[in-house]
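Structural characterization, general
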Amino acid sequence: MSEALLLIFEFFKTGLFAIGGGPATIPFLMDMAEKYPWFTMQELSSMIAISESTPGPIGLNMATYAGFRTLGVFGGVVSTLALVLPSIIVIIIIAKFLDGFQENRIVQAVFRGIRPAVTALIAAAVINMIRVTLFTEEAGQLIPQYKGMILCAVIFVLLQWKRLKKLHPAVWFLVAAVAGIVFQF
Amino acid sequence: MNELWNLYVAFFRIGILTFGGGLTMLPMLKYELVEKRKWITEEVLLDCYAIGQCTPGIIAVNTATFVGYKRKGVAGGVVATLGMASPSILIITVVAMFLEAMMSYAVVQHAIMGIRGGVCALMLNTVYTLAKKSLINKTCVAICAAAFVLAFFTPIPTVVIIVFAAAAGVVIDKIQGGDAK
């Protein structure tokens, strides 16, 4: 199968099963990083930063970026369209045939099962991401990157503070970038 | 035709003016669709939003398709969704090209290493917030724990775990019968 078809297949799958928007696409992107040589987990973390700091829904931004990394401009366009295609199909079917879809008992039961699982999937993805970004692997051993860990801990603690919670994510990335330059990460 | 163009423009504007997607988009949608253009009422918007959250895919995209479909049928749904996706495609492509060209500078590499620490912090915070919202009873905690074990310790694909979780939701509903809230 050609690379473009694979890209379309993977993003169509992501659009169909990523329930809950932006962050829910991350476990799928991580699967892709493991399975294909398109982008690494480390690159994925830069993609998240950029997708959160630029206009547009995060999920769409990530798809464009990941597609661009794989096959250039064409890849970016194709991945994004593949990601939205399942939404178009599913939503039009629901809007046309299923009145009161969200009140349906089975639908509610399905989503009561899926929501906590999505939290778990994102948690697992984040732990994997921490393993590849805040540690380096040498001869099979994980060596912690103390500067990055301290920065991560400081920002996490500050985020729990009500006043700082509302700050735009881009502000935090800017702070992190400056820290990276000043302390030579 | 003109109407379709208007749909495209409206959702292009919404796409370019929202950062983050999901819930942060609601005020923007309300302003553009309910107040300014009077295309739909606030109740319909909230309905769209509820459906957008319990269907597969990105919430922002689902809402765009739904509103577009309500106004102009299938073509409307497609055009509104393309309008929503266009800013992402344009902006990210330019940013990605620019960044690839900058990667070789040491300063940029240090900045990116710093940003990665920041991303970990923000993602941890997302998980924490989600956990507080979604783990509301013992059943939720059990499903979450099982899904985590499968996702973290086994090579089972993400899609399979989602399907399992959906099935678990239905089975639990059947067992609890009328007692379920």
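First, a word on what this report is: a plain description of the structure on this page. (Residues numbered from 1 in each chain as written. Chains lettered and ligands numbered in written order. Predicted model: local features only at pLDDT ≥ 70, side-chain atom pairs only at ≥ 80, totals over all residues. Heavy atoms only, no water.)

**Quick word on the overall build of chain A**
For chain A, the helix and strand inventory stands at eight helices and three strands. In sequence order, the secondary structure elements of chain A are arranged as α-α-α-β-α-α-β-β-α-α-α. Projecting the C-alpha coordinates of chain A onto the three principal axes gives extents of approximately 60 × 45 × 35 Å. Counting every position in chain A, which comprises 185 residues, the buried fraction comes to 55%. A fraction of 52% describes how many contacts in chain A between residues 6 or more apart in sequence connect residues 24 or more apart. A total accessible area of about 8,300 Å² is found for chain A, and carbon and sulfur atoms account for 68% of it. Charge separation in chain A, taken as the distance between the mean sites of 13 positive and 10 negative side-chain charges, equals 12 Å. (Helix = DSSP H or I, 4+ residues; strand = E, 2+ residues; numbered from the N terminus. Buried < 20%, exposed > 50% of the residue type's maximum accessible area, 1.4 Å probe, protein only. Contact = heavy atoms within 4.5 Å. Areas by Shrake-Rupley, 256 points an atom, 1.4 Å probe, with all protein chains shown as cover. Lys, Arg positive; Asp, Glu negative; His and termini not counted. Charge placed at Lys NZ, Arg CZ, Asp CG, Glu CD.)

**Points about the overall build of chain B**
Of regular secondary structure, chain B possesses seven helices and one strand. Element order for chain B, N to C, with α for helix and β for strand: α-β-α-α-α-α-α-α. Here chain B has a C-alpha radius of gyration of 21 Å; the compact-globule value for 181 residues is 16 Å, and the former is much larger. Sequence-distant contacts, at least 24 apart, represent 46% of the contacts inside chain B between residues at least 6 apart. With the model as given, the accessible surface of chain B reaches about 8,600 Å², and the carbon-plus-sulfur share is 70%. If the 14 positive side-chain charges of chain B are averaged to one point and the 9 negative ones to another, these points end up 3 Å apart. (Rg over C-alpha atoms; globule rule 2.2 N^0.38 Å.)

**Structural notes on unusual backbone geometry**
The phi angle at Gln 184 of chain A is positive, at roughly 50°, despite the residue not being glycine. Along the chain, Gln 184 of chain A falls in the segment after α8 (169-182). Look at Gln 184 of chain A and you get partly exposed, because its relative accessible area is 48%. For Lys 38 of chain B, which is not glycine, the phi dihedral falls at a positive 50°. Its location among the elements puts Lys 38 of chain B in the loop between α2 (26-36) and α3 (42-53).

**Some details on the pattern of salt bridges**
All names here are of chain B. For the structure shown, the criterion picks out 12 salt bridges over all chains. For Glu 32, the salt bridge is made with Arg 13, and the minimal N-O distance between the two is 2.9 Å. Placement of the pair is Glu 32 in helix α2 and Arg 13 in helix α1 (residues 2-17), with a sequence separation of 19 residues. Judged by relative accessible area, Glu 32 falls into the buried class, the value being 0%. The class for Arg 13 is partly exposed, based on a relative accessible area of 33%. Among the ionic pairs, Glu 42 bridges to Lys 30, the shortest N-O distance being 3.9 Å. Pair noted here: Glu 42 is in helix α3 and Lys 30 is in helix α2, with a separation of 12 residues, a long-range link. Residues joined in a network through salt bridges with shared partners are Arg 13, Glu 32, Lys 36 and Arg 37. (Salt bridge = Lys/Arg side-chain N within 4 Å of Asp/Glu carboxyl O.)

**Re the pairing of strand β2 (residues 135-138) of chain A**
One ladder, built from four bridges, connects β2 of chain A with strand β3 (residues 141-144) of chain A; its direction is antiparallel. Residue pairing across strands places Phe 135 of chain A opposite Pro 144 of chain A, the latter belonging to β3 of chain A. (Pairing = 2+ DSSP bridges.)

**A closer look at the state of the cysteines**
The tally for this structure, following the rule as stated, stands at zero disulfides over all chains. Of the cysteine sulfurs around Cys 120 of chain B, a residue in no disulfide, the closest is that of Cys 152 of chain A, at 5.2 Å. On the basis of relative accessible area, Cys 120 of chain B is assigned to the buried category, the value being 1%. (Disulfide = S-S within 2.5 Å.)

**Here we look at helix α7 (residues 158-176) of chain B**
An α-helix turns once per 3.6 residues; consequently, residues spaced three or four apart project the same way. Its 19 residues give α7 of chain B an end-to-end C-alpha distance of 27 Å, which sits within 8% of 27 Å, the value for a rise of 1.5 Å per residue. Those residues of α7 of chain B that sit buried are Thr 158, Val 159, Ile 161, Ile 162, Ala 165, Ala 166, Gly 169 and Asp 173 of chain B. In the core, the buried residues of α7 of chain B are packed alongside α1 (3-17), α2 (26-35) and α5 (105-133) of chain A together with α6 (138-153) of chain B. Phi turns positive, to about 55°, at Gly 177 of chain B, one or two residues after α7 of chain B. (Expected span 1.5 Å × (residues − 1).)

**Let's talk about the side chain of His 110 of chain B**
Tracing the backbone shows His 110 of chain B in helix α5 (residues 106-134). Residue classification places His 110 of chain B among the buried residues on the basis of a relative accessible area of 18%. In this structure the side chain of His 110 of chain B is engaged in a polar contact, spanning 3.2 Å, whose partner is the side chain of Gln 184 of chain A. (Polar contact = N/O pair within 3.5 Å; in protein donor to acceptor, adjacent residues only side chain to side chain.)

**Brief notes about the side chain of Thr 158 of chain B**
Structurally, the position occupied by Thr 158 of chain B is in helix α7. In this structure Thr 158 of chain B touches Pro 27, Phe 28, Asp 31 and Leu 121 of chain A, once residues within four positions along its chain are discounted.

**As for the environment of Ala 131 of chain B**
Residue and element names in this part refer to chain B. With respect to the helices, strands and loops of the structure, Ala 131 is situated in helix α5. With relative accessibility at 22%, the residue Ala 131 sits in the partly exposed group. Here the alpha-carbon distance between Ala 131 and Cys 144, two residues 13 residues apart in the chain, equals 9.0 Å.

**Examining the interface of chain B and chain A**
On the chain A side, the residues contacting the 83 residues of chain B number 95 residues. With both sides pooled, the region where chain B packs onto chain A buries about 7,900 Å², and carbon together with sulfur makes up 77% of that total. Between the two partners, chain B and chain A, sit three salt bridges. Note that Arg 112 of chain A and Asp 173 of chain B form a salt bridge whose closest N and O atoms lie 3.3 Å from each other. (Buried area = accessible area lost by both parts, 1.4 Å probe.)

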